[in-house]
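# Architecture at a glance
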Amino acid sequence: MGDKEISVYGAHWCPDCRRSKQFLGEHQIPYNWIDIEQDPEAEKFVLEKNKGKRIIPTITFSDGSFLVEPSNAELAAKLGLKTKAARRHYDLIIIGGGPAGLTAAIYTAREAIDTLVIERAAFGGQAAGTEKLDNMPGFPEGVAGIEFSRRLLQQAKSFGVEVLEAQEVRQIQRTDDYKYVETSDGSRYSANALLVAAGSHYKRLHVPGDEDYIGAGVHFCATCDGPFYKGKNVAVVGGGNSAAEESLLLTKFADHVNILVRKGQFKATKIIQESVLSNPKINVRWHTEVKEFIGERSKLTKLRIMNNQTETEEVIAVHGAFIFIGLVPNTEFLKESDVLLDKWGFIVTGHALMHQRERQKGFEKRAPFLLETSVPGVFAAGDVRDTSTKQVVSAAGEGTSAALMIREYLKQV
Ligand SMILES: Cc1cc2nc3c(=O)[nH]c(=O)nc-3n(C[C@H](O)[C@H](O)[C@H](O)COP(=O)(O)OP(=O)(O)OC[C@H]3O[C@@H](n4cnc5c(N)ncnc54)[C@H](O)[C@@H]3O)c2cc1C
């Protein structure tokens, strides 16, 4: 059933279905979503596959095989993802396979520095989830984020970079000589240097219902989940570039897009604002905050919103809501380490470290490199770093600079 090679049979109320959908979405693997509660034929199919039991998710593959309630590790294995590294030790381990991490890897591999890149989701990071990159130098027509990411990975692999997929780095440790990373499957790898290129992710609203409907009406990526809303009515929360751009993308699928903006104006660039405001499918509601996500049978159906000037509340019906209210750095795994973070959790590097009251251990005899963290030999690049400019080209540029600094660092150890 459906036109894609993978079909996920499930229901909106099923958390394991949501987890599997999220896993496939994060790895940019196309799939058909079939809600067995809306489709009696599909329900019959699931019962047949499971000897009369209604077990979901039941996931079918083009080779005729199927998995029932698979763990993420089982899904990764079925999809042929590489989840174990060939060796235990590398010159350099890069955490994150976005533009910063993969560009750094291209440079270090070309310098014959043994490099392992560990990625928990889709290679290309946020860029992979972006429909089109219009501001890439050298691409006058723009380039699809997914195509750019595919090329970046291909290029890194062509220079001999080893990559791990579907593995999250859970923590880093160090001794005087080596750095260690521990991955979600419990493996431990060592390196002479680390590069943290873990980027950032979407901020959440933290209002009632926010958690409950993720993947079941609440989304953070229009490219990934917009096609589920053909002919429907969706809300977009946010007033920056992402909210505006993603709203425009959503008009390709949805009939009606309501943008809810907390302030009285957009923060988006003028050219994007003009496209949004002139689009007949888009309606903008200023001074509007979401107070609650409301659903039925575990599927989002309504939003309780408030005008923050008049403090009047209203409940509006929606089929889906897309949240674009900013970024949080992916630095949770560094919380127990000595890597210094700023108050928002972004990594502090280089000169900024010199302004700290205490000289960081290991930097008594030399200053940190520009992209080095407070731990000697641990570097950071891209969106995860404080004061970075949160763009693909600058992330790639920082990856390049970090690679060259790591080369110099490795000469000393
Ligand atoms: C909707 C949207 C539209 C955008 N449009 C543009 C645009 O048009 N032009 C532009 O220049 N920029 C754009 N950007 C910004 C751009 O995508 C980012 O600045 C860029 O991708 C940052 O690259 P990065 O490598 O630093 O981080 P990311 O792209 O965030 O990549 C980091 C990677 O690290 C992985 N990771 C995180 N933690 C771990 C862990 N513990 N273990 C293993 N892996 C981990 C993540 O899964 C991710 O793949 C857009 C971003 C968004 C969200």
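My aim in this report is to walk through the structure given alongside it, one point at a time. (Residues numbered from 1 in each chain as written. Predicted model: local features only at pLDDT ≥ 70, side-chain atom pairs only at ≥ 80, totals over all residues. Heavy atoms only, no water.)

Let us look at the overall build of the protein chain. For the protein chain, the helix and strand inventory stands at eleven helices and 23 strands. Relative to the 2.2 N^0.38 estimate, which gives 22 Å for 413 residues, the radius of gyration of the protein chain is 23 Å and therefore close to what a compact globule would have. If one aligns the C-alpha atoms of the protein chain with their principal axes, the spans along those axes are about 65 × 55 × 40 Å. Carbon together with sulfur atoms contributes 49% to the accessible area of the protein chain, which is approximately 19,900 Å² in total. Across the protein chain, the 51 positively charged side chains and the 53 negatively charged ones have centroids separated by 2 Å. (Helix = DSSP H or I, 4+ residues; strand = E, 2+ residues; numbered from the N terminus. Rg over C-alpha atoms; globule rule 2.2 N^0.38 Å. Areas by Shrake-Rupley, 256 points an atom, 1.4 Å probe, with all protein chains shown as cover. Lys, Arg positive; Asp, Glu negative; His and termini not counted. Charge placed at Lys NZ, Arg CZ, Asp CG, Glu CD.)

This brings us to the nonpolar core. By size, the foremost hydrophobic cluster in this structure holds 36 residues, and its most contacted members are I94, V117, F148 and L195. Those elements that provide at least two residues to this core are strand 5 (89-95), helix 4 (99-110), helix 6 (145-158), strand 12 (188-196) and helix 11 (392-412). Looking at which element gives the most residues to this core, the answer is helix 11, with eight residues. Contacts of F148, omitting those with residues within four sequence positions, involve P99, A127, L133, M136, V143 and V392. Residues Y90, I95, V378 and A380 belong to the second largest nonpolar core, which totals 23 residues. (Core = buried A, V, L, I, M, F, W, Y, C linked by side-chain atoms within 4.5 Å. Buried < 20%, exposed > 50% of the residue type's maximum accessible area, 1.4 Å probe, protein only. Contact = heavy atoms within 4.5 Å.)

For the structure on display, the rule yields eight aromatic pairs. Note on Y202 and F324: the rings are 5.9 Å apart at their centroids and 75 degrees apart in plane angle, and the pair reads as edge-to-face. Of this pair, Y202 sits in strand 13 (residues 200-202) while F324 is found in the loop between strand 21 (320-323) and strand 22 (327-329), placing the two residues 122 residues apart along the sequence. Residue classification places Y202 among the partly exposed residues on the basis of a relative accessible area of 30%. Here F324 falls in the buried class, since its relative accessible area comes to 4%. Ring geometry for F379 versus Y409: centroids 5.8 Å apart, planes at 70 degrees, classification edge-to-face. Of this pair, F379 sits in strand 23 (residues 378-380) while Y409 sits in helix 11; the two residues are 30 residues apart in sequence, bridging distant segments of the chain. Classification of F379 as buried rests on a relative accessible area of 0%. Connected via pairs of aromatic rings, a cluster forms that spans Y202, F220 and F324. Against the face of F228 rests K21, its NZ or CZ located 5.8 Å from the ring centre. (Phe/Tyr/Trp six-rings, centres within 6.5 Å; stacked < 30°, edge-to-face > 60°. Lys NZ or Arg CZ within 6 Å of the ring centre and 35° of its normal.)

Glancing now at the packing of helix 4 against helix 11. Across the interface, helix 4 lies against helix 11 with an axial gap of 7 Å and an inter-helix angle of 35 degrees. Two packed elements cross with a definite hand, and for helix 4 against helix 11 that hand is right-handed. Residues P99, A100, T103, A104, Y107 and T108 of helix 4 form the contact with helix 11, whose participating residues are V392, A395, A396, G399, T400, A403 and L404. A class-by-class count of the residues in the contact of helix 4 with helix 11 yields nine nonpolar, four polar and no charged. (Axes fitted to C-alpha atoms, helices over the stretch in contact; angles between N-to-C directions. Left-handed = near helix turned anticlockwise from the far one by under 90°. Nonpolar A, V, L, I, M, F, W, Y, C, P; charged D, E, K, R; others polar.)

So, about the sheet that holds strand 17 (residues 282-285). What the five strands build is an open sheet, ordered 14-21-15-16-17; its pairing is parallel. Bordering the open sheet on either side are strand 14 (218-219) and strand 17, each of which pairs with just one other strand. With two bridges joining them, strand 14 and strand 21 adopt parallel strand pairing. Within strand 21, the residue paired with V218 across the bridge is A321. Across the sheet, helix 8 (residues 241-250) touches strand 15 (233-237), strand 16 (256-260), strand 17 and strand 21, and the angle it forms with strand 15 is around 170 degrees. (Pairing = 2+ DSSP bridges.)

Moving on, we come to the site of the ligand. Contacts to the ligand come from 35 residues, most closely from E119, Q126, D383, Q391 and V392. Here an oxygen atom of the ligand and a side-chain polar atom of Q391 are 2.8 Å apart. The fraction of the free accessible surface of the ligand (1,000 Å²) that becomes covered by protein chains is 94%. Those elements giving two or more residues to the shell around the ligand turn out to be helix 4, helix 5 (125-128), strand 13 and helix 11. If one sorts the elements of the shell around the ligand by residue count, helix 5 sits on top with three residues. Of the residues assigned to the shell around the ligand, the class counts are 15 nonpolar, 14 polar and six charged. (Near = heavy atom within 4 Å. Polar contact = N/O pair within 3.5 Å; in protein donor to acceptor, adjacent residues only side chain to side chain.)

The next subject is the packing of helix 8 against helix 9 (residues 270-277). The angle between the axes and the distance between the axes are what describe a pair of packed helices. Look at helix 8 against helix 9: their axes get within 10 Å of each other, and the N-to-C directions meet at 40 degrees. With respect to their mutual orientation, helix 8 and helix 9 come out oblique. Relative to helix 9, helix 8 is oriented so that their crossing is left-handed. Residues N241, A244, E245 and L248 of helix 8 form the contact with helix 9, whose own contacting residues are I272, S275 and V276. (Parallel < 35°, antiparallel > 145°, perpendicular 65-115°, else oblique.)

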